Amino acid sequence: MKSYWVVFVDVSDPDAYKSLYQAANAAPIRKHGGRFLVRGMDHTVVEGSARSRLVVIEFPTETAARDCYYSAEYQAAKSLRDDLAISDFVIAEGYGGPQPSDAA
């Protein structure tokens, strides 16, 4: 079952975030089969609240998503992000059950 990183982020220094954190996170995400589905600032909050950026990364399995997050390479990238942004970060397993379109 696919799994996802869902991250809401407020970035304090966009230039440093891009040159430091984004540069450092590419290798571990690629190594674990991650693929960006949403990466950016364009989103509409229709209920509740959210941070200024939304990122969704798909991984082939929950194990891959967790292994990437806890890898030494990603934790090194995360330590860069910690000084540049405030994040709400969730690892969510995909859903393979019935869908509304399955109803008769």
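As shown above, the structure is provided for reference.
Counting from 1, residues in each chain are numbered in the order their sequence is written. A pLDDT threshold of at least 70 governs which residues receive local features in this predicted model, and a stricter bar of 80 or more applies before side-chain atom pairs are shown or counted, although totals over entire chains, interfaces and linings include all residues. The side-chain quantities take in all heavy atoms of the structure and omit both hydrogens and water.

S.K.: Is there a simple way to explain the overall build of the chain in this structure?
M.R.: For the chain, the helix and strand inventory stands at three helices and four strands. Runs of E in the DSSP output that reach at least two residues are strands. Runs of H or I that reach at least four are helices, and both are numbered from the N terminus. Ordering the α and β elements of the chain from the N terminus gives β-α-β-β-α-α-β. Over its C-alpha atoms, taken along the principal directions, the chain stretches across nearly 50 × 30 × 15 Å. Each residue gets one of three labels from its accessible area relative to the maximum for its type: buried under 20%, exposed over 50%, partly exposed in between, using a 1.4 Å probe on protein chains only. Looking at the chain as a whole, 31% of its 104 residues are labelled buried. Here, Shrake-Rupley sampling with a 1.4 Å probe gives the accessible areas, and only protein chains in the shown set may cover a residue. Roughly 6,500 Å² of accessible area belongs to the chain as shown, and the carbon and sulfur atoms make up 53% of that amount.

S.K.: Would you take a moment to explain the pattern of salt bridges for this structure?
M.R.: Pairing of side chains with opposite charge becomes possible as their charged atoms draw close. The term salt bridge refers to a side-chain nitrogen of Lys or Arg lying within 4 Å of a carboxyl oxygen of Asp or Glu. Applying the stated criterion across every chain, the model contains eight salt bridges. D82 is the salt-bridge partner of R81, the closest N and O atoms lying 3.9 Å from each other. Given a relative accessible area of 5%, R81 falls into the buried group. Given a relative accessible area of 41%, D82 falls into the partly exposed group. Salt bridges linked by common partners bring K2, R35 and E58 together as one network.

S.K.: I tried to follow the layout of surface pockets on my own but got confused; where do I start?
M.R.: If a probe the size of a water molecule is rolled over the atoms, the empty space left behind becomes visible. Lining residues are defined by having an atom within 4 Å of a point belonging to a cavity or pocket. Those points lie on a 1 Å grid over the protein atoms alone, cavities being sets where a 1.4 Å probe fits but cannot get out and pockets being open sets with protein on both sides within 12 Å along at least five of seven lines. Grid points are joined across faces, edges and corners, and a volume is the space filled by probe spheres set on the points. Volume-wise, the largest pocket comes out at about 170 Å³. Around the largest pocket, the lining comprises 17 residues; the ones closest to its centre are Y17, Y21, Q22, F36 and V55. When contributions to the lining of the largest pocket are tallied by element, the ones reaching two or more residues are β1 (3-11), α1 (14-31), β2 (35-40), β3 (53-59) and α3 (72-82). Broken down by element, the lining of the largest pocket gets its largest block of residues, five residues, from α1. As a working rule, the residues Ala, Val, Leu, Ile, Met, Phe, Trp, Tyr, Cys and Pro are called nonpolar, Asp, Glu, Lys and Arg charged, and the rest polar, with Gly in that last group. Each residue belonging to the lining of the largest pocket can be placed in one class, and the counts come to 11 nonpolar, three polar and three charged.

S.K.: Which parts of the structure should I look at to understand the packing of α1 against α3?
M.R.: Any two packed helices are characterised by the angle at which their axes cross and by the distance between the axes. Lines fitted to C-alpha atoms define the axes, with helix axes restricted to the stretch in contact, and inter-axis angles between N-to-C directions lie between 0 and 180 degrees. Where α1 meets α3, the closest approach of the two axes is 8 Å, and the angle between their N-to-C directions is 160°. Classified by the angle their axes make, α1 and α3 are roughly antiparallel. Relative to α3, α1 is oriented so that their crossing is left-handed. Between α1, through Y17, L20, Y21, A24, N25, P28 and K31, and α3, the contact on the second element is made entirely by E73, Y74, A77, K78, L80 and R81. Split into classes, the residues belonging to the contact of α1 with α3 amount to eight nonpolar, one polar and four charged. Comment on the angle field: the value is read as roughly parallel under 35 degrees, roughly antiparallel over 145, roughly perpendicular from 65 to 115, and oblique elsewhere. Crossing chirality is assigned from the near helix's rotation relative to the far helix, an anticlockwise turn below a right angle marking it left-handed and a clockwise turn marking it right-handed. Only heavy atoms enter the contact rule, under which two residues are in contact if any of them lie within 4.5 Å.

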